[in-house]
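Results of the structural survey
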Amino acid sequence: QVQLVESGGGSVQAGGSLKLSCAASGLRTPYSMGWFRQAPGKEREGVAVIVTGGGTKYAMSVKGRFTISKDNAKNTLFLQMNTLQPDDTGIYYCAAGPFRMWKLLLPSQYKYWGQGTQVTVSS
């Protein structure tokens, strides 16, 4: 019933930008939604989360470069990524789950996941 579909990934040069989208359906509020990524050989990590009311939380590595937002009318989540670096390379996943107070960037806090979209940043 719950479906999350990511789009917008691609390959860019270092310093470039990409905007990811996540189309969501079947979710009941209140929910937290976020973006997570997994680089080759590394564990999945939280990138950015937006909670009910619009509050956001970012990984330290992307603060000031990435912006998470949501279009509530269209049930679509976005991640604007600027000044991309090679270390940003990975598969980016959209995730959703019931609101939790603690450790919002921890992947295990989320129940629903999209299939992912590849982001590759070359130097």
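Structure: above.
Below, the structure is looked at part by part. Owing to the predicted nature of the structure, the values given are computational and were not obtained by experimental measurement. Counting starts from 1 at the beginning of each chain's written sequence and moves along it residue by residue. Side-chain atom pairs in this predicted model are given and counted only at pLDDT of 80 or more, local residue features only at pLDDT of at least 70, and totals for whole chains, interfaces and linings cover all residues. Derived side-chain values reflect all non-hydrogen atoms in the structure, with water molecules and hydrogen atoms excluded from consideration.

1. Section: the packing of aromatic side chains
Applicable threshold: The criterion for an aromatic pair is that two Phe, Tyr or Trp rings (for Trp, the six-membered ring) have centres within 6.5 Å, with stacked assigned to planes under 30 degrees apart, edge-to-face to planes over 60 apart and tilted to the rest. Under the DSSP-based scheme used, a helix requires at least four consecutive residues in state H or I and a strand at least two consecutive residues in state E, with every element numbered from the N terminus. Accessibility here uses a 1.4 Å probe with only protein chains present; expressed as a share of the type maximum, an area under 20% marks a residue as buried, one over 50% as exposed, and anything in between as partly exposed. In this analysis the charged atom, NZ for Lys or CZ for Arg, is taken to sit over a ring once it is within 6 Å of the ring centre and within 35 degrees of the ring normal.
Per the stated rule, a full pass over the model turns up 4 aromatic pairs. Residues phenylalanine 36 and tyrosine 110 carry aromatic rings whose centres are separated by 5.0 Å and whose planes lie at 65 degrees to one another, so their mutual orientation is edge-to-face. One end of the pair, phenylalanine 36, is in strand E4 (residues 31-38); the other, tyrosine 110, is in the loop between strand E9 (90-98) and strand E10 (112-113), with 74 residues separating them in the sequence. By the burial criterion, phenylalanine 36 is buried, and tyrosine 110 matches it. Three or more aromatic residues link up through ring pairs in this structure, and these residues are Phe36, Tyr93, Tyr110 and Trp113. Above the face of the tyrosine 93 ring, arginine 44 is positioned so that its terminal group lies 3.8 Å from the ring centre. Arginine 44 extends its terminal NZ or CZ atom over the ring of tryptophan 113, reaching a point 4.8 Å from the ring centre.

2. Focus: the pattern of salt bridges
For the record, the criterion: Salt bridges are defined as contacts in which a side-chain nitrogen from Lys or Arg sits within 4 Å of a carboxyl oxygen from Asp or Glu.
As enumerated under the stated definition, the model contains 3 salt bridges in all. Linking arginine 65 and aspartate 88 is a salt bridge whose minimum nitrogen-to-oxygen distance equals 2.8 Å. On the criterion of sequence distance, the pair formed by arginine 65 in the loop between strand E6 (56-58) and strand E7 (66-71) and aspartate 88 in the loop between strand E8 (76-81) and E9 is long-range, its members being 23 residues apart. Here arginine 65 and aspartate 88 have matching classes, each one buried. Salt bridges here are not isolated pairs; linked through shared partners, they connect Arg37, Glu45, Arg65 and Asp88.

3. Some details on the environment of threonine 89
The line we're drawing: Any two residues whose heavy atoms approach within 4.5 Å are treated as being in contact.
Mapped onto the fold, threonine 89 is located in the loop between E8 and E9. Sequence separation between threonine 89 and threonine 120 is 31 residues; the distance between their C-alpha atoms is 4.6 Å. Leaving out residues up to four positions away in the same chain, threonine 89 has contacts with Ala39, Gln118, Val119, Thr120 and Val121.

4. A look at the sheet that holds E8
Formally: Whether two strands pair depends on DSSP finding at least two bridges between them. What counts as an axis is a line fitted to C-alpha atoms, over the stretch in contact for a helix, and the angles between N-to-C directions run from 0 to 180 degrees.
In spatial order, the strands read E1-E3-E8-E7; together these 4 strands make up an open sheet with antiparallel pairing. With partners counted over all chains shown, the strands left at the sheet margins are strand E1 (3-7) and E7, one partner each. Between one strand axis and the next, the sheet turns by 15 degrees as a mean value, whatever way the strands run. In this structure, E7 lies alongside E8, joined through 6 bridges in antiparallel fashion. Bridge assignment links isoleucine 68 to a residue of E8, and that residue is leucine 79.

5. Points about unusual backbone geometry
Of note, asparagine 75 is a non-glycine position whose phi angle comes to about 50 degrees, a positive value. The residue asparagine 75 is located in the loop between E7 and E8 in this model. Look at threonine 83: it is not a glycine, yet its phi comes out positive at around 50 degrees. With respect to the helices and strands, threonine 83 occurs in the loop between E8 and E9.

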